[in-house]
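One letter stands for each residue in the lines below.
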Protein chains: 2
Amino acid sequence: MTTEENILTQARMVFYQKGLAGARMQEIADLAGINKAMLHYYFKTKEQLFDKVFVQAFEAFAKEIVKILNSELELEDKITNYINHTIDVLTKDPGIPVFVLNELTYNPQRITELFAGTDMVDLEVFSEQVNKQTKGNVDPETLFIDMVALCVYPFVVAPVFKKMLQKTDQQYADMLQARKAHIKNNILLRISNPS
Amino acid sequence: MTTEENILTQARMVFYQKGLAGARMQEIADLAGINKAMLHYYFKTKEQLFDKVFVQAFEAFAKEIVKILNSELELEDKITNYINHTIDVLTKDPGIPVFVLNELTYNPQRITELFAGTDMVDLEVFSEQVNKQTKGNVDPETLFIDMVALCVYPFVVAPVFKKMLQKTDQQYADMLQARKAHIKNNILLRISNPS
DNA sequence: GTCTATATTGTGATAGAC
DNA sequence: GTCTATCACAATATAGAC
């Protein structure tokens, strides 16, 4: 691993845990086993380092998901893929959503600029598929929001729910895995039985 | 309004927007129309001020909800009340969830200590009702998680979804109101038709 | 209670030798 | 590329007069 990759790895951990404002260059340097001067040698400013970490985190989270949503997969498979993939990614890296949401809320303009050139998620393909299959009886946007909410929210509030439901880390992880099938049922049922 | 209440109001705005680490005492003082010395006269430290704001925010969000969940309302009414109340509270004060989740993630020990004495949400009453009504065919915890996720998540990711779905603030607000009935249908259907 | 001035510390960033 | 030493400034907090 190069020094730069090492820095990025450690920086990600610190930024995940403390955000941009709360992170300290000293702590990142310590974790990376270098000193502050070296850190600034590789990344001139804290913001520069943060931006790189943020973009990597966001892409890790969003890139594959966008690909799935815009693929030519059949609707049922697409939904199944989305749910499985989202839960798997977040299981590996549960800090992503709060980190992203957080900085998005605390520093919207910076993030907006960061993604000025990037193409956003668009729901055209997905919406068309839903409309066709349900003969216009299911609102695609609502279905999408629900699907995302059911997948992601339990990760976002993990510390709260873990305590509230008195579950160990392992029990909570098992529950999240079990949600794959549960969410799939809920969403697919609404497509096959539009109310 | 007393000076103390004034400070708390302004502090809440700043903490909501920037978090504990990102907030500046100077900005809070400016907004309150006083100087830093006065601010420290009323609240000795930034952390002290933050804790007061946090507890107020959390209670505003959680207190009524806990009351509803533990009430003796009939299950259908309880669910309807929960959904309506949650969406109404968050519509008035959409900054709460990210603020709370954020600090809960970035500073779990501080928050845990803050609520050491408080009684948490418990799902006993709710779970019993669900078990009775569905003859044990619906998992109460899963139902609860889904209900909360469907209500709260659209507020948490409002900036993202607004942009992605290209909605104005008003359109997004209307959509959130319309979700009241939608979520109610989804949840109540699962109770009356356990799969 | 309210202010000005200041102490004190933490932190991002750089200079400059090696 | 790597280090030590240090700058410059921002931010919390306090002292002390009124």
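## Side note on the packing of aromatic side chains
Residue and element names in this part refer to chain A.
Line of reasoning, step 1. Applying the stated criterion to the full structure yields 23 aromatic pairs over all chains.
Line of reasoning, step 2. Summarising the aromatic geometry, the rings of Phe-58 and Phe-115 are spaced 4.6 Å apart at their centres and angled 50° between planes, so their arrangement reads as tilted. Taken together, the residues span a long stretch of sequence, with Phe-58 in helix α4 (residues 46–69) and Phe-115 in the loop between α7 (108–114) and α8 (124–134) at a distance of 57 residues.
Line of reasoning, step 3. A relative accessible area of 23% places Phe-58 in the partly exposed class.

## Some remarks on the protein's contact with DNA strand C
Line of reasoning, step 1. Taken together, 14 residues surround DNA strand C, and among them Arg-24, Met-25, His-40 and Lys-46 of chain A together with Met-38 of chain B come closest.
Line of reasoning, step 2. Near-protein atoms of DNA strand C (within 4 Å) split between backbone and bases, with sugar and phosphate holding 60%.
Line of reasoning, step 3. Backbone polar atom of Ala-23 of chain A to a phosphate oxygen of DNA strand C: 3.4 Å apart, as the coordinates give it.
Line of reasoning, step 4. One of the side-chain N or O atoms of His-40 of chain A is found 3.3 Å from a phosphate oxygen in DNA strand C.
Line of reasoning, step 5. Listing elements by their share of the surface near DNA strand C, those giving two or more residues are α3 (36–42) of chain A together with α3 (36–42) of chain B.
Line of reasoning, step 6. For the surface near DNA strand C, the element with the most residues is α3 of chain B, which contributes four residues.
Line of reasoning, step 7. The class makeup of the residues in the surface near DNA strand C is seven nonpolar, three polar and four charged.

## Quick word on the pattern of salt bridges
Line of reasoning, step 1. This model, assessed by the stated rule, comprises 18 salt bridges over all chains.
Line of reasoning, step 2. The salt bridge partner of Lys-18 of chain A is Glu-27 of chain A, with a shortest N-O separation of 3.1 Å.
Line of reasoning, step 3. Judged by its relative accessible area of 31%, Lys-18 of chain A falls in the partly exposed class.
Line of reasoning, step 4. Residue Arg-190 of chain A pairs with Asp-146 of chain A through a salt bridge whose shortest N-O separation is 2.8 Å. Of this pair, Arg-190 of chain A sits in helix α11 (residues 169–192) while Asp-146 of chain A sits in helix α9 (residues 140–156), placing them 44 residues apart in sequence.
Line of reasoning, step 5. According to the relative accessible area criterion, Arg-190 of chain A is buried, its value standing at 16%.
Line of reasoning, step 6. A relative accessible area of 0% means that Asp-146 of chain A is categorised as buried.
Line of reasoning, step 7. In this structure, a network of salt bridges that share partners links the residues Asp-146 and Arg-190 of chain A together with Arg-179 of chain B.

## Some thoughts on the packing of helix α1 (residues 3–22) of chain B against helix α2 (residues 25–32) of chain B
Residue and element names in this part refer to chain B.
Line of reasoning, step 1. Closest axis-to-axis distance for the α1/α2 pair is 9 Å, and the angle between their directions is 135°. By the angle between their axes, α1 is oblique relative to α2. At the point where α1 passes α2, the crossing takes the right-handed sense. For the pair formed by α1 and α2, the contact residues are Asn-6, Ile-7, Gln-10, Ala-11, Val-14, Phe-15 and Lys-18 on the first element and Glu-27, Ile-28, Leu-31 and Ala-32 on the second.
Line of reasoning, step 2. Classifying every residue of the contact of α1 with α2 by side-chain character gives seven nonpolar, two polar and two charged.

## A look at the domain arrangement of chain A
Residue and element names in this part refer to chain A.
Line of reasoning, step 1. Here chain A is described as being made up of domain 1 (1–44) and domain 2 (46–192).
Line of reasoning, step 2. Spacing between the C-alpha centres of domain 1 and domain 2 amounts to 28 Å.
Line of reasoning, step 3. For domain 1, the biggest contributors to the area lost against domain 2 are Phe-15, Tyr-16 and Leu-20; these three give 49% of the whole.
Line of reasoning, step 4. Across the domain 1-domain 2 interface, the total number found is one salt bridge.
Line of reasoning, step 5. Of the charged contacts in the structure, one is a salt bridge between Lys-52 and Glu-4, with a shortest N-O distance of 3.8 Å.
Line of reasoning, step 6. Our count for the domain 1 to domain 2 interface comes out at four residue pairs in polar contact (both at pLDDT 80 or more).
Line of reasoning, step 7. Residue assignment for the side of domain 1 that touches domain 2 shows that the elements contributing at least two residues are α1 (3–22) and α2 (25–32).
Line of reasoning, step 8. For the side of domain 1 that touches domain 2, the element with the most residues is α1, which contributes 10 residues.
Line of reasoning, step 9. For the side of domain 1 that touches domain 2, the per-class residue count stands at 12 nonpolar, one polar and four charged.

## Some words on the protein's contact with DNA strand D
Line of reasoning, step 1. Looking at DNA strand D, there are 15 residues lining it, with Met-38 and Tyr-42 of chain A together with Arg-24, Lys-36 and Lys-46 of chain B nearest.
Line of reasoning, step 2. Backbone atoms, meaning sugar plus phosphate, form 60% of the atoms of DNA strand D positioned within 4 Å of the protein.
Line of reasoning, step 3. A distance of 3.3 Å separates a phosphate oxygen of DNA strand D from a polar atom in the backbone of Met-25 of chain B.
Line of reasoning, step 4. Contact between DNA strand D and Lys-46 of chain B: a phosphate oxygen at 2.8 Å from a main-chain N or O atom of the residue.
Line of reasoning, step 5. At the level of elements, α3 of chain A together with α3 and α4 (46–69) of chain B are the ones that each hand at least two residues to the surface near DNA strand D.
Line of reasoning, step 6. With four residues, α3 of chain A is the largest single contributor of residues to the surface near DNA strand D.
Line of reasoning, step 7. Across the surface near DNA strand D, the residue classes break down as seven nonpolar, three polar and five charged.

Rules used throughout
- Residues numbered from 1 in each chain as written.
- Chains lettered and ligands numbered in written order.
- Predicted model: local features only at pLDDT ≥ 70, side-chain atom pairs only at ≥ 80, totals over all residues.
- Heavy atoms only, no water.
- Phe/Tyr/Trp six-rings, centres within 6.5 Å; stacked < 30°, edge-to-face > 60°.
- Helix = DSSP H or I, 4+ residues; strand = E, 2+ residues; numbered from the N terminus.
- Buried < 20%, exposed > 50% of the residue type's maximum accessible area, 1.4 Å probe, protein only.
- Near = heavy atom within 4 Å.
- Polar contact = N/O pair within 3.5 Å; in protein donor to acceptor, adjacent residues only side chain to side chain.
- Nonpolar A, V, L, I, M, F, W, Y, C, P; charged D, E, K, R; others polar.
- Salt bridge = Lys/Arg side-chain N within 4 Å of Asp/Glu carboxyl O.
- Axes fitted to C-alpha atoms, helices over the stretch in contact; angles between N-to-C directions.
- Parallel < 35°, antiparallel > 145°, perpendicular 65-115°, else oblique.
- Left-handed = near helix turned anticlockwise from the far one by under 90°.
- Contact = heavy atoms within 4.5 Å.
- Domains from an automatic or database assignment.
- Buried area = accessible area lost by both parts, 1.4 Å probe.

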